[in-house]
Amino acid sequence: FLFWGCIVHLLNMIAIAIFLTLLLMLLSVKAQDKCTPPDGKPNCVCETTDGVIDLTSMSYEDGNPYFSWVYDNGGQVYSYNPCHEFYDGSSFCNEGNIAVCQNAYGDEEHSCGTSSSETMHVDDNGQYYLQYDGGDGDRISQVFLVCDSTANEPELTADGDGETTLTYIFHLKTKCACPGTCVDAPPPTDPDPPHRGGRGGGGGGGGIEGPIGIALIFLAIGGVATYFIVGAVILKFKFERTGTDIIPQKEFWFDLPFLIKWSLSKKMLTCIL
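All of the points below concern the structure found in this document. Computed from a prediction, not measured in an experiment: that's the story for all the values here.

Helix and strand counts for the chain come out as three helices and 14 strands. The buried share of the chain, taken over its 273 residues, is 38%. For the chain, the exposed area adds up to about 15,500 Å²; of that, 61% sits on carbon and sulfur atoms.

Take a look at the structure:
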């Protein structure tokens, strides 16, 4: 009985760990809020509580990238055009629907994100960034916006994919990243000369996205499944439970929705008072 008592105690600890893990995952998802653009605007426009962030004035609509020849510290060069797709080079980046193109050491091109996947997010530090998915080999690009009211000429820096493989980090410093500054500004008309960027400094934000995020999600799902399966087997065959009584810590899970509802109601009441 001592052995089975230890098993039940272990299941109790696992239940609490699963609950806290799921809670942290929900908070992490909430922290990476997606910004929905105003009606009729592209995804590079975001309506914030401080005003509208509008990047359309730094986006070509004729198939050219607004930013070209942007090097990272590893010597790889990138082209980038927010808001609208562009065509570049002669291979992967010349098929359209490109937002970020990588020229690897002069002889190999890769799409690092599609224009159609463009979304703007705000992280838990209040920093806005654009994300582009669907690149070659699951490449992802994240362009973090740096508000600088004196940056009349935008500057794009590339940090490469140092922290997370195939997730490329960029920083775009511009006055248009400041809410309310470039609202409904006219788009550029002259594609020459190309806007060159700077080399990255090796920093950059980012959430738990890409392969690491997927691995964490599957790990959490596997842990939850193992917890319920092992617990149900023990309760059914060792303790001869039946029906819903084979659910480990049944009272805890059945009471959980009411506990969450109660917590939310208390929080709302506190905010109102």
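The next subject is the state of the cysteines. Inspection of the entire model under this criterion finds five disulfides. Cys 44 shares a disulfide with Cys 83; S-S distance 2.0 Å. Residues Cys 44 and Cys 83 are joined by a disulfide whose S-S torsion is about 110°; by sign, that bridge is right-handed. With Cys 44 in the loop between β1 (33-35) and β2 (45-48) and Cys 83 in the loop between β5 (77-80) and β6 (100-104), this pair connects stretches of sequence that are 39 residues apart.

Here we come to unusual backbone geometry. Even without being glycine, Asn 97 reaches a positive phi, approximately 60°. With respect to the element layout, Asn 97 can be found in the loop between β5 and β6. Of note in the backbone geometry, Asp 184 takes a positive phi value of approximately 60° without being a glycine. Its location among the elements puts Asp 184 in the loop between β12 (167-174) and β13 (195-196).

Per the counting criterion, the structure on display carries one salt bridge. Salt-bridge contacts for Lys 41 lead to Asp 184; the nearest nitrogen and oxygen are separated by 2.7 Å. Of the two residues, Lys 41 sits in the loop between β1 and β2 while Asp 184 sits in the loop between β12 and β13, which places them 143 residues apart along the sequence.

The description of two aromatic rings rests on the distance between their centres and on the angle between their planes. Counting across every chain of the model gives seven aromatic pairs. Relative to Tyr 66, the ring of Tyr 60 has its centre 5.2 Å away and its plane inclined at 50°; by these criteria the two rings are tilted. For the pair Tyr 60 and Tyr 66, one class covers both residues: buried. For the pair Phe 67 and Tyr 80, a centre-to-centre distance of 6.0 Å together with 15° between the ring planes defines the contact as stacked. Of this pair, Phe 67 sits in strand β4 (residues 67-71) while Tyr 80 sits in strand β5, and the two are 13 residues apart along the sequence. Under the relative-accessibility criterion, Tyr 80 is labelled buried at 2%.

Burial of β12 is extensive: six of the eight residues sit out of reach of the surface. Here strand β10 (residues 140-147) pairs with β12 via eight bridges, running parallel. Within the sheet, the bridge partner assigned to Gln 142 lies in β12 and is Ile 169. As paired strands, strand β11 (residues 155-160) and β12 are joined by five bridges and run antiparallel to one another. Residue pairing across strands places Glu 155 opposite Lys 173, the latter belonging to β12. With antiparallel pairing between neighbouring strands as the criterion, β11 and β12 make up a hairpin whose turn holds six residues, including Leu 166 at a positive phi of roughly 70°.

About the criteria used
Residues numbered from 1 in each chain as written. Predicted model: local features only at pLDDT ≥ 70, side-chain atom pairs only at ≥ 80, totals over all residues. Heavy atoms only, no water. Helix = DSSP H or I, 4+ residues; strand = E, 2+ residues; numbered from the N terminus. Buried < 20%, exposed > 50% of the residue type's maximum accessible area, 1.4 Å probe, protein only. Areas by Shrake-Rupley, 256 points an atom, 1.4 Å probe, with all protein chains shown as cover. Disulfide = S-S within 2.5 Å. Salt bridge = Lys/Arg side-chain N within 4 Å of Asp/Glu carboxyl O. Phe/Tyr/Trp six-rings, centres within 6.5 Å; stacked < 30°, edge-to-face > 60°. Pairing = 2+ DSSP bridges.

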